[in-house]
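# Structural characterization, general
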Amino acid sequence: MARLTTAGRLTTLTAVAILTAAAPSLAQDRDFSKVEIKTEKVTDSIYALFGAGGNIGVSVGSDGVFIIDDQYAPLSDKILAAVRELSDKPIRFVINTHWHGDHTGGNENIGREGAAIVAHENVRKRLLSPQTIPAFNRTFEAAPAGALPQVTYVDGVTLHLNGEHARIAHLPNAHTDGDSFIHFTEANVVHTGDLFFNGFYPFIDAWSGGSIDGVIAAVDVILGIANDKTKIIPGHGPLATRTDLVAYRDMLQRVNDLVTQGIADGKSAEELVKSGAFTDIETTWADGFLNTEKFISIVYEGKRS
Ligand SMILES: [Zn+2]
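Before going into details, it helps to say that this report is about the structure given with it.

What counts and how
Residues numbered from 1 in each chain as written. Predicted model: local features only at pLDDT ≥ 70, side-chain atom pairs only at ≥ 80, totals over all residues. Heavy atoms only, no water. Buried < 20%, exposed > 50% of the residue type's maximum accessible area, 1.4 Å probe, protein only. Helix = DSSP H or I, 4+ residues; strand = E, 2+ residues; numbered from the N terminus. Pairing = 2+ DSSP bridges. Salt bridge = Lys/Arg side-chain N within 4 Å of Asp/Glu carboxyl O. Core = buried A, V, L, I, M, F, W, Y, C linked by side-chain atoms within 4.5 Å. Contact = heavy atoms within 4.5 Å. Axes fitted to C-alpha atoms, helices over the stretch in contact; angles between N-to-C directions.

### Brief notes about the pairing of strand 2 (residues 46-50)
Burial of strand 2 is extensive: 5 of the 5 residues sit out of reach of the surface. Burial along strand 2 is two-sided: Ile46, Ala48 and Phe50 facing one way and Tyr47 and Leu49 facing the other are all buried. Where strand 1 (residues 38-41) meets strand 2, 4 bridges bridge the pair, whose relative direction is antiparallel. Counted as the bridge partner of Glu40 is Ala48 from strand 2. The hairpin turn running from strand 1 into strand 2, its antiparallel successor, is 4 residues long. Where strand 2 lies against strand 3 (residues 56-61), 4 bridges are found, and the strand directions are antiparallel. Following the sheet pairing, Ala48 is matched in strand 3 by Gly57.

Printed below as a string of structure tokens:
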């Protein structure tokens, strides 16, 4: 498809960086041996783990451990070691915020430790069969049986553990068609999954039912429950505040408006980027993952599909 001419101009290094930074990726594409798992304390009982792939949330306490997302399979031993630094109790649940392999790759390994895998029903559906993402020219194999969610929901479910209520809520057709965010109502902490990339352009997976309009609507829901004291664990990027999420929403809205207008005016994605309309947005948001050309082409294709 036309967008692949854009991808073709990327260097191999950039393409690999894109695939491993946030898009679902096959583990054999990269060497995980140098990846370190860094732990950041969010509250006395909630932590964030940063490694390669989606940020992991960890809840620890008297009832045991549950985690949100599990990155890539080759990192499972390091992730388990990092969790063991926080608690010696069993991992009871893994919540998948969506199906992408940089969030679900460790499912089979963590499940083998005895954890039940919990996700929206569309996450299970997508993991059951091969998935293709033309934006990255990639097809992903169906997940092994042991990696599939055993507990699924339609709208949401709540875990009452560790003196906390972790409300898991599905939001439709945003980053994918199976996104959930997790709201720790007592601690005032939110794990957004890939509804929020803190500080850089997101991947929006229209090929898995996502859309930029859906991401904006999802961000609005999260902004509706967040206040100035809310601690936000984004899908990618550093820990965030509500102010960071507002800035992200503003960027998405501006991009959405410009691309919508450009399509109405009969402009191609390339013409839109060349027009310079995104120059000021780019200085802040093109840092580190997708460049403007690639991001706009993804949004543009998503709006036309
Ligand atoms: Zn994702």
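### Quick word on the pattern of salt bridges
Across all of its chains, the model carries 5 salt bridges by this definition. Residue Asp213 pairs with Lys303 through a salt bridge whose shortest N-O separation is 2.9 Å. Separated by 90 residues along the polypeptide, Asp213 in helix 7 (residues 212-225) and Lys303 in helix 11 (residues 292-304) bring together distant segments of the chain. In this structure, Arg249 and Asp220 form a salt bridge, with 2.5 Å as the shortest nitrogen-oxygen distance.

### As for the nonpolar core
One finds Tyr248, Met251, Val255 and Phe295 to be the most contacted residues of the largest nonpolar core, which totals 48 residues. Where this core is concerned, the elements lending two or more residues are helix 6 (121-127), strand 11 (164-171), helix 7, helix 8 (242-264), helix 9 (269-274), helix 10 (279-285) and helix 11. The element that contributes the greatest number of residues to this core is helix 7, accounting for 7 residues. Apart from the residues within four sequence positions on either side, Val255 is in contact with Ile212, Phe278, Ile281, Phe295, Ile296 and Val299. Grouped together as the second largest cluster of nonpolar side chains are 21 residues, Phe32, Ile79, Leu80 and Ile91 included.

### Structural notes on the sheet that holds strand 14 (residues 231-233)
Strand pairing in a sheet relies on backbone hydrogen bonds, with the paired strands running either antiparallel or parallel. The 5 strands are arranged 10-11-12-13-14 in an open sheet whose pairing can be described as mixed. The open sheet has two edge strands, strand 10 (156-161) and strand 14, and neither has a second partner. Each adjacent strand pair in this sheet contributes to an overall mean axis angle of 15 degrees, direction not counted. Judged from the 3 bridges that link them, strand 13 (residues 189-191) and strand 14 form a sheet pairing that is parallel. The partner of Val189 across the bridge, within strand 14, is Lys231. Across the sheet, helix 7 lies against strand 11, strand 12 (179-184) and strand 13, angled at about 5 degrees from strand 12, the strand it touches most.

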